[in-house]
Amino acid sequence: MNTPSSARPQGAHRRGVYAGSILISLAVVTLLVAAFLPRHYTLPFSSVLLALVLIALATAITLHARFLILARREHRETANALTTTEHEFQAIFDSALDGLLILDDQGTCLEANPAALALLSARRDELVGHPIRSFQQASHNFENTGGEILGRKDGQGELQIVRQDGRPIFVEYSAKANYLPHRHFVALRDVTARKSAEEQMAKNLALAESARAEADALRKTTLALTQNLSMDYVLDTLLQSLLELIPCDSAQVLLAETDERLFLARERRSQQDAHHAHKAPMTWNATDHAPLMQVLVTRNSLLVRDTAEQEGWRQFKGHSHFHSWLCVPLIASQKVLGLLSLGDSEAHVFTQEHLRLAKSLAIPAAVAIQNARLYERAEIYGAELEKRLVDLEQTQQALQQAEQSRAISEDKFTKVFRSSPIAFSITTVEEGRFIDVNEAFEHRYGYSRDELVGHTAFDIAIWSDPDDRSHVLNQILEHGRIRNRVTRFRNRSGEMLETLYSAHTIELDGQQCVLAVSEDIPDRSHLQGFPDRKGAIAG
């Protein structure tokens, strides 16, 4: 549409009409005057007047013809502009991505674009000429929404409609009332995907919030279970947290004594179920109760929504009054430590969500119970170790005293051994190797200590008869000692010495030795009171 070019013909038209009207009026007046007063005109004047009238008429006719040409041209331009505008509007109307509707005051659809037909899944004859309220899912929605439009109000909003194929969708609408008299314009946009995304987002947010609350509860429970390693504290905290997450009549912790035997370690009941509390500790043999055996063998959780459908439930000791039951194994280090048992007097109380929560709590609970057991054992071992340490300390003190006594005894023995006027010697039992001798022994046999220590009796041939040593040694080993045996020894010069020989076995530095005493026989007459070298006196 060109606004300046259309304005010029309109102004020219108006000026032409004005000028033509004036000229035609003047011409008419002139003709009237000339017609009614012909006798007053002279011939020249009449000729001039006639000429003027003709000029005026010609001018009027020319202007009128110009006016008709301009009016025709303006009409043609206006018609073209209207046609172009209509085509533009129709193109925009048909190609719009949003559904466009034109309604009358009764809500009847007068026109709809292809997007609206596709949006409502309707043919043109099914939509145009029919009330738009037939696509509303609920009549009150249209009364609220359509009332705003038909009440000559502009509005925007969302509503749910039903397509022709029966599928409900959400649309966003924008309405313009009375854009023309008794004509109302409505634009529709499908927002079903957005609404679904919003609903899914809301569900996800709700799930996330639930998961956050659950994680927070599990975190607090895990923290509480690790704050104190006492078994009583762990079990009480576990049952309290369990009942907060899963409300029910009874929560129990059954710990395993053997692979098939369980005992009730702790139980917490609601006020309504307090009359079922057990008066004495309960034990179960899993082989007698199929539900317990199933959980122990499979190591899988068990949810019984209605115990009336569970065969043999009435014989389940301590659980027969439950109508819903949930059981989760407590597993740590690949070993079943026990079971979490939850029961309720109403059927169909527990759900899969409750089972999942119980399984989530069973993981830190099993670790806490295992740690509590290790802590109890550590306390027992600690007490035993403390007792052993006290015993060890007392033993060490006794050993120190014994060592001191031994040192004193050894010192005394050494003094006696060194200073005795009687010949003493210490030899090994196995080889007869000299370990030590005193000064009296050196004087008696003529050997120095350095010549004897490290050598055997056979090296220096101190025994007159080597077999005699074997016989004496056998008697010493048999009786532990020998006393006053008359034996013949040879000194360094080869002289035979008649000797009263006494010996005793001792242990020196972990080696078995013989402590021997050699004495001279002062008088041969006294030999009658002593055994000869072929016999022995064992005392």
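Structure shown above.
First, a word on scope: everything that follows refers to the structure included in this document. (Residues numbered from 1 in each chain as written. Predicted model: local features only at pLDDT ≥ 70, side-chain atom pairs only at ≥ 80, totals over all residues. Heavy atoms only, no water.)

**Comments concerning the side chain of Ser420**
Part 1: Turning to its location among the elements, Ser420 is positioned in the loop between α9 (352–419) and β12 (423–428).
Part 2: Classification of Ser420 as buried rests on a relative accessible area of 12%. (Helix = DSSP H or I, 4+ residues; strand = E, 2+ residues; numbered from the N terminus. Buried < 20%, exposed > 50% of the residue type's maximum accessible area, 1.4 Å probe, protein only.)

**Description of the nonpolar core**
Part 1: Leu238, Ile246, Val253, Leu326, Leu330, Leu340 and Ile369 are the most contacted members of the largest nonpolar core, which totals 35 residues.
Part 2: Going through the elements one at a time, α6 (192–227), α7 (231–245), β6 (250–256), β10 (324–332), β11 (335–344) and α9 are the ones with two or more residues in this core.
Part 3: At ten residues, α9 tops the list of elements feeding residues into this core.
Part 4: Non-local contacts of Ile369, meaning those with residues more than four positions away in its chain, are made with Met231, Val234, Leu235, Leu238, Val253, Leu255, Leu330 and Leu337.
Part 5: In terms of nonpolar packing, the next biggest core, distinct from the first, is built from 23 residues, Ala423, Val437, Trp463 and Ile476 among them. (Core = buried A, V, L, I, M, F, W, Y, C linked by side-chain atoms within 4.5 Å. Contact = heavy atoms within 4.5 Å.)

**Topic: the sheet that holds β10**
Part 1: Spatial strand order, β8-β7-β6-β11-β10-β9: six strands in an open sheet with antiparallel pairing. Pairing within the sheet leaves two strands with one partner each, and these edge strands are β8 (283–285) and β9 (302–304). Each strand axis lies, on average, 25° off the axis of its neighbour in the sheet, ignoring direction.
Part 2: Summarising the sheet, β6 and β11 pair through six bridges and their orientation is antiparallel. (Pairing = 2+ DSSP bridges. Axes fitted to C-alpha atoms, helices over the stretch in contact; angles between N-to-C directions.)

**Regarding unusual backbone geometry**
Most of the time, phi is negative for any residue but glycine, and the peptide bond is trans.
Part 1: Of note, the phi angle at Asn178 is positive, near 55°, even though the residue is not glycine.
Part 2: Mapped onto the secondary structure, Asn178 falls in strand β4 (residues 168–180).
Part 3: We note that Gln334 has phi near 60°; this positive angle belongs to a residue other than glycine.
Part 4: On the secondary structure map, Gln334 appears in the loop between β10 and β11.
Part 5: For Gln334, a relative accessible area of 67% puts it in the exposed group.

**Some remarks on α9**
Part 1: Here α9 is 68 residues long and its end C-alpha atoms lie 96 Å apart, about the 100 Å a rise of 1.5 Å per residue gives.
Part 2: Of all the bends in α9, the greatest reaches close to 30° and is centred on Ala362; the proline Pro364 follows between one and four positions later. (Expected span 1.5 Å × (residues − 1). Bend = angle between axes of the 7 residues up to and from the residue.)

**Some details on a nonpolar patch on the surface**
Part 1: A contiguous nonpolar patch, built from Leu385, Leu389 and Leu392 and spanning about 280 Å² of accessible area, is present on the exposed surface.
Part 2: Structurally, Leu389 is set in helix α9. (Patch = residues over 30% accessible without salt bridge, like charges linked within 9 Å, V, L, I, M, F, W, Y side chains within 5 Å. Areas by Shrake-Rupley, 256 points an atom, 1.4 Å probe, with all protein chains shown as cover. Salt bridge = Lys/Arg side-chain N within 4 Å of Asp/Glu carboxyl O.)

**Regarding the packing of α6 against α9**
Part 1: Orientation of α6 relative to α9, taken along the N-to-C sense of each, is 25°, at an axis distance of 9 Å. Considering their axes alone, α6 and α9 lie roughly parallel with respect to each other. Regarding α6 and α9, the two cross each other, and that crossing is right-handed. Taking contact as the criterion, the partners of Glu214, Leu218, Thr221, Thr222 and Leu225 in α6 are, on α9, Glu353, Arg356, Leu357, Ser360, Leu361, Pro364, Ala365 and Ala368.
Part 2: When its residues are assigned to classes, the contact of α6 with α9 shows seven nonpolar, three polar and three charged. (Parallel < 35°, antiparallel > 145°, perpendicular 65-115°, else oblique. Left-handed = near helix turned anticlockwise from the far one by under 90°. Nonpolar A, V, L, I, M, F, W, Y, C, P; charged D, E, K, R; others polar.)

**Thoughts on the pairing of strand β7 (residues 261–269)**
Both faces of the sheet carry side chains from a regular strand, because those side chains alternate between them.
Part 1: As paired strands, β6 and β7 are joined by seven bridges and run antiparallel to one another. Each residue of the ladder has a partner; that of Gln252, found in β7, is Glu267.
Part 2: Hairpin connection from β6 to β7: four residues lie between these consecutive antiparallel strands.
Part 3: Both β7 and β8 contribute to a ladder of three bridges, which runs antiparallel. By the bridge assignment for β8, Arg261 is matched with Asn285.

**Topic: the sheet that holds strand β3 (residues 155–162)**
The strands that make up a sheet pair up through hydrogen bonds in the backbone, lying either parallel or antiparallel.
Part 1: Read from one edge to the other, the open sheet built from five strands follows the order β2-β1-β5-β4-β3, with strand pairing classed as antiparallel. A single partner strand is all that each edge strand has here, and the edge strands are β2 (109–112) and β3. Within the sheet, the average angular offset between the axes of one strand and its neighbour, ignoring direction, is 30°.
Part 2: With five bridges connecting them, strand β1 (residues 99–103) and strand β5 (residues 183–190) associate as antiparallel partners.

**Some remarks on the packing of aromatic side chains**
Part 1: Per the counting criterion, the structure on display carries twelve aromatic pairs.
Part 2: Directly above the ring of Phe170 sits Lys195, whose terminal nitrogen or CZ lies 5.2 Å from the centroid. (Phe/Tyr/Trp six-rings, centres within 6.5 Å; stacked < 30°, edge-to-face > 60°. Lys NZ or Arg CZ within 6 Å of the ring centre and 35° of its normal.)

**Points about the pairing of β11**
Part 1: Across the ten residues that make up β11, a large majority, nine, are buried.
Part 2: Note that β10 and β11 share nine bridges and pair antiparallel. Bridged to Ser324 within β11 is Asp344.
Part 3: Turn length for the β10-β11 hairpin, with the two strands adjacent in sequence and antiparallel, is two residues, and the turn residue Ser333 shows positive phi of about 55°.

**A word on the environment of Leu254**
Part 1: Examined against the element boundaries, Leu254 turns out to sit in strand β6.
Part 2: By relative accessible area, which is 0% here, Leu254 ends up buried.
Part 3: Taking the C-alpha atoms as reference points, Leu254 and Met282, separated by 28 residues in sequence, lie 9.4 Å from one another.

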